[in-house]
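Reading the structure
Take a look at the letters that make up each chain.
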Amino acid sequence: MSSTSNELLFERAQGVIPGGVSSPVRAFNAVGGTPRFITRGKGARVWDAEGRSYIDYVLSWGPLIAGHAHPAVIEAVERAARDGLSFGMPTEIEIELAEAIRTAVPSLERLRFTSSGTEATMSALRLARGFTGRSRIIKFEGCYHGHADSLLVKAGSGALTFGNPSSAGVPAEVAQHTLVLDFNDTQQLADAFAREGDHIAAVIVEPVAGNMNLVPGHPEFLAALRRLCSAHGAVLIFDEVMSGFRVHPGGAQALYGITPDLTTFGKVVGGGMPVGVFGGRRDIMACIAPQGPVYQAGTLSGNPVAMAAGLATLKLTRAVGFYERLFAATRELTDGLNAIGAQSGHALSAACVGSMFGLYFSARPPGRFSEVMAADRVRFNRFFHRMLEQGVHLAPSAFEAGFLSSAHDPADIAATLAAAKTALVD
Ligand SMILES: *Cc1c(COP(=O)(O)O)cnc(C)c1O
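It should be emphasised that the depicted structure is a prediction, and the values quoted were computed from it without experimental measurement. Per chain, residues are indexed from 1 in the order of the written sequence. The predicted nature of this model means local features are confined to residues of pLDDT at least 70 and side-chain atom pairs, given and counted, to a pLDDT of 80 or more, with totals for whole chains, interfaces and linings taken over all residues. In computing side-chain properties, one takes all heavy atoms of the structure into account and sets aside hydrogens as well as water.

**Looking at the overall build of the protein chain**
Put simply, the rule is: Numbering of helices and strands runs from the N terminus; a helix is a DSSP stretch of H or I covering at least four residues, while a strand is a stretch of E covering at least two. Only the C-alpha atoms count toward the radius of gyration. The rule for a globule is 2.2 Å times the residue count to the power 0.38. Using a 1.4 Å probe on the protein chains alone, a residue whose accessible area is under 20% of its type maximum counts as buried, one over 50% counts as exposed, and one in between counts as partly exposed. The criterion used for residue contact is that any of the two residues' heavy atoms lie within 4.5 Å. With residues, only the protein chains shown are counted as cover, and all accessible areas are computed by Shrake-Rupley using a 1.4 Å probe. We count Lys and Arg on the positive side and Asp and Glu on the negative side, and we leave His and both chain ends out. Every charge is mapped onto a representative atom, which is NZ of Lys, CZ of Arg, CG of Asp or CD of Glu.
Within the protein chain, the regular secondary structure consists of 14 helices and 18 strands. For the protein chain, whose C-alpha radius of gyration is 21 Å, the value lies close to the compact-globule estimate of 22 Å for 426 residues. Counting the 426 residues in the protein chain, one finds 55% classified as buried. Pairs at least 24 residues apart make up 71% of the contacts formed inside the protein chain by residues separated by at least 6 positions. Carbon and sulfur atoms provide 54% of the accessible area of the protein chain, an area that totals close to 17,900 Å². Here the protein chain contributes 36 positively and 38 negatively charged side chains, and the mean placements of these two sets differ by 1 Å.

This is the structure:
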């Protein structure tokens, strides 16, 4: 078959790329072992350099809602590529994708494209600060918003203190502007606003947190966010880079019926190509250059090939019954995992929101970051490797959400549940 192996490739990669990977979680540090080097994907599956195939619940960390290499997406990309890869000048397909996004999520009265989710959140924060003339922001522990400096911050000692850098290289002076609070703690949020409210430029939140495993925001917590931001003139930013077009066709904001001031998207809106989006209230978006004084730009922003992939993907999601079937399949998987967990006697539980799911080595799904951290990581790691050996690819960390695509069929779900049963024998 192949003359190479995952192991050889990993060794070679480490000789030229730090850790052998272009993004840290891919290195399998949390679970141990050798990452799989992928040669191709089709539908619900990926194949590695040794020719083995896996049912994939990572889906490039969420974007591939129609599965790998969907013919309609590939065709759109090929057609766009033949006309040229990039112009750095406006194109009609940007307008088409922007209009499609606004139709699905009307709170984005105006929106702009970036090349990643990180750029989208970074730009949204700068915009919120420029709009309000304030510096401080609130984020929540366990929520991930990309790797901009002011977002790589963890809680300081004691509640209501401003944050400390969570990465080397982030100046303390930058981190000091970020207040880190507990996700789903409405009282702490109210206290923070009572104390700091008139200095807060923005609150950024994952309404359905998917970067500390899956932890849905409590409706009353998200409602309190909306109320407090409005009362204090702070900008409410929903980071829907992951939840957008995944938990509801209109995003988490439609699911919860809460309208943020700004929203960020990424992942699904790019259909597997590098795309981010930030947008929202027209008066706030009017502050962005060239209309307003807040600078923001990108050589490849609105890239026509990437726009084509995003547009083709969103068109697929508009097929009658697309989300109903996808959500039902996700529910079937998590119901099955809960049943297997109960039968096995292990503290394994699962939950889903739309097509995102969480798998927890704890008796019930966590609602707080501290509960997420209390899950049994050793058990997760063993389960992960046993699933991988049986051809099921889960995220290589106990703290990531999983995803389904429209390409996952009942046979894939059944095979996954059978593998899970075997993986939990002892
Ligand atoms: C993935 C993600 C980001 C960062 O997006 P990149 O494209 O990786 O820069 C930001 N916010 C959330 C909620 C994400 O899941």
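**Quick notes on the sheet that holds strand β3 (residues 53-56)**
Working definition: the strands of a sheet are paired by backbone hydrogen bonds and lie parallel or antiparallel to each other. Inclusion rule: We treat two strands as partners when DSSP finds at least two bridges between them. Angular values range over 0 to 180 degrees, each being the angle between N-to-C directions of two axes fitted as lines to C-alpha atoms, with helices fitted over their stretch in contact.
Taken in spatial order, the four strands make up an open sheet running β1-β2-β3-β17, and their pairing is mixed. Both edges of this open sheet fall to β1 (38-42) and β17 (392-393), since each of them pairs with a single strand only. Note: β1 against strand β2 (residues 45-48), four bridges, orientation antiparallel. The partner of Gly41 across the bridge, within β2, is Val46. Against the sheet, helix α14 (residues 410-423) engages β2, β3 and β17, with an angle of about 100° to β3.

**Details of the site of the ligand**
For the record, the criterion: Here, proximity means that at least one heavy atom of the residue falls within 4 Å of the molecule or strand. Any N or O atom pair separated by 3.5 Å or less is treated as a polar contact, with the protein-specific requirement of one donor-capable and one acceptor-capable atom, and with residues adjacent in sequence counted only for side-chain atom pairs. In this count, Pro and Cys sit with the nonpolar residues alongside Ala, Val, Leu, Ile, Met, Phe, Trp and Tyr, while Asp, Glu, Lys and Arg are called charged and the others, Gly among them, polar.
With respect to spatial proximity, the complete set of residues near the ligand consists of Ser116, Gly117, Thr118, Tyr144, His145, Gly146, Glu206, Asn211, Asp239, Val241, Met242 and Lys267. Contact between the ligand and Asn211: an oxygen atom at 3.1 Å from a side-chain N or O atom of the residue. Coverage of the ligand by the protein amounts to 82% of the 380 Å² it exposes when considered alone. Taken together, the residues that form the shell around the ligand break down as three nonpolar, six polar and three charged.

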